[in-house]
Amino acid sequence: IGGSIMANRKSVQLLEAETKRLGARLEEAEGVLGAIRENQVGARVFIESMNHGIVIMSPEGTILHCNMRFSEILQTPLERIIGASFFDMLTPPRDGKKLQGTIKTCGPEGCKGEFRLRTSKRKRVSVQLSAGPLTGTTEIFCVVITDLAELKRAEEALKEVNEELEQQVGNR
């Protein structure tokens, strides 16, 4: 009986040591998860506060996440955007196919170009798209959408002013 009690005490001691070791690992894991959650919150706050539209999508163009600014550019609620095809939002449709081919071949440095998006009200919006794979992956892409409407209006106003100046100089 004495040997059995001693064996049980050793088993209990081993189990207590294992429990303590697992507890320390759990605490460490919870710390890492907490840091990840904080970083995600920070990244989400950053993405939402940008003046540019942001889309996270699959190589096939399925929108996995986007910010409110992109929703505003499209004049479409977020719930109608998530899960939709980003490429189908480009107009004309051949531009969707063009961008899809470009994204598949762009490397870590990314790629960019000027395109037009179709809003839910069938309006066309000129945008600059900058796209590239998310760091550490080739399967998820981030697209930054810059609304060029204000820039286009400013260019038109500048063009008009230049034409007026040229006309005034010509009249002298």
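Anyway, here's the lowdown on the structure attached to this text.

**Regarding the overall build of the chain**
Within the chain, the secondary structure is distributed over five helices and five strands. In the chain, the succession of α and β elements from N to C terminus is α-β-β-α-α-α-β-β-β-α. Buried positions account for 26% of the 172 residues belonging to the chain. Residue pairs at least 24 apart in sequence account for 42% of intrachain contacts in the chain once pairs closer than 6 positions are excluded. Summing over all exposed atoms, the chain offers an accessible surface of approximately 12100 Å²; the carbon and sulfur share of this is 54%.

**Some points on the environment of Leu151**
With respect to the secondary-structure elements, Leu151 resides in helix H5 (residues 149-171). Among the residues examined, Leu151 registers a relative accessible area of 44% and is labelled partly exposed. Considering only alpha carbons, one finds Leu151 and Val127, 24 residues apart in sequence, at a separation of 9.9 Å.

**Some points on the pairing of strand E2 (residues 63-66)**
Note that strand E1 (residues 53-57) and E2 share three bridges and pair antiparallel. For Ile56, the partnering residue across the bridge sits in E2 and is His65. Hairpin connection from E1 to E2: five residues lie between these consecutive antiparallel strands, with Gly61 at a positive phi of about 100 degrees.

**Considering the pattern of salt bridges**
Scanning the model with the defined rule gives two salt bridges in all. Between Glu72 and Arg69 there is a salt bridge; the shortest N-O distance is 3.6 Å. Taken together, the positions of Glu72 and Arg69, both in helix H2 (residues 68-74) and three residues apart, correspond to about one turn of that helix. With a relative accessible area of 48%, Glu72 lands in the partly exposed category. Arg69 gets classed as partly exposed once you look at its relative accessible area, which sits at 22%. Measuring nitrogen to oxygen at the nearest pair gives 3.6 Å for the salt bridge that ties Arg69 to Asp147.

**What about the nonpolar core?**
Judged by nonpolar contacts, the single largest core of 25 residues is most densely connected at Val55, Phe70, Phe86, Leu117, Leu129 and Ile145. The set of elements that each furnish at least two residues to this core consists of E1, E2, H2, helix H4 (93-105), strand E3 (111-118), strand E4 (124-133) and strand E5 (141-147). When residues in this core are grouped by element, the largest group, four residues, is from E4. When neighbours within four sequence positions are excluded, Phe70 is seen to be in contact with Gly53, Ile54, Val55, Ile63, Ile81, Phe86, Met89, Leu117 and Ile145.

**A short note on the side chain of Ser71**
Summarising the element assignment, Ser71 is placed in helix H2. The contacts of Ser71, once residues within four sequence positions are left out, are Thr76, Pro77, Leu78 and Ile81.

**A look at a negative patch on the surface**
A surface patch of negative charge is lined by Glu155, Glu156, Glu160, Glu163, Glu164 and Glu166. The residue Glu166 is located in helix H5 in this model.

**Remarks on the sheet that holds E5**
One open sheet holds the five strands; their spatial order is E2-E1-E5-E4-E3, and the pairing between them is antiparallel. Since the sheet does not close on itself, it has two edges, and those belong to E2 and E3, each with one partner. Neighbour-to-neighbour, the strand axes of the sheet open up by a mean angle of 30 degrees, direction not taken into account. Pairing of E4 with E5, which is carried by seven bridges, proceeds in the antiparallel orientation. The residue of E5 that forms the bridge with Pro133 is Phe141. Set on the sheet, H4 makes contact with E1, E3, E4 and E5; between it and E3 the angle comes to about 155 degrees.

What counts as what
Residues numbered from 1 in each chain as written. Predicted model: local features only at pLDDT ≥ 70, side-chain atom pairs only at ≥ 80, totals over all residues. Heavy atoms only, no water. Helix = DSSP H or I, 4+ residues; strand = E, 2+ residues; numbered from the N terminus. Buried < 20%, exposed > 50% of the residue type's maximum accessible area, 1.4 Å probe, protein only. Contact = heavy atoms within 4.5 Å. Areas by Shrake-Rupley, 256 points an atom, 1.4 Å probe, with all protein chains shown as cover. Pairing = 2+ DSSP bridges. Salt bridge = Lys/Arg side-chain N within 4 Å of Asp/Glu carboxyl O. Core = buried A, V, L, I, M, F, W, Y, C linked by side-chain atoms within 4.5 Å. Patch = residues over 30% accessible without salt bridge, like charges linked within 9 Å, V, L, I, M, F, W, Y side chains within 5 Å. Lys, Arg positive; Asp, Glu negative; His and termini not counted. Charge placed at Lys NZ, Arg CZ, Asp CG, Glu CD. Axes fitted to C-alpha atoms, helices over the stretch in contact; angles between N-to-C directions.

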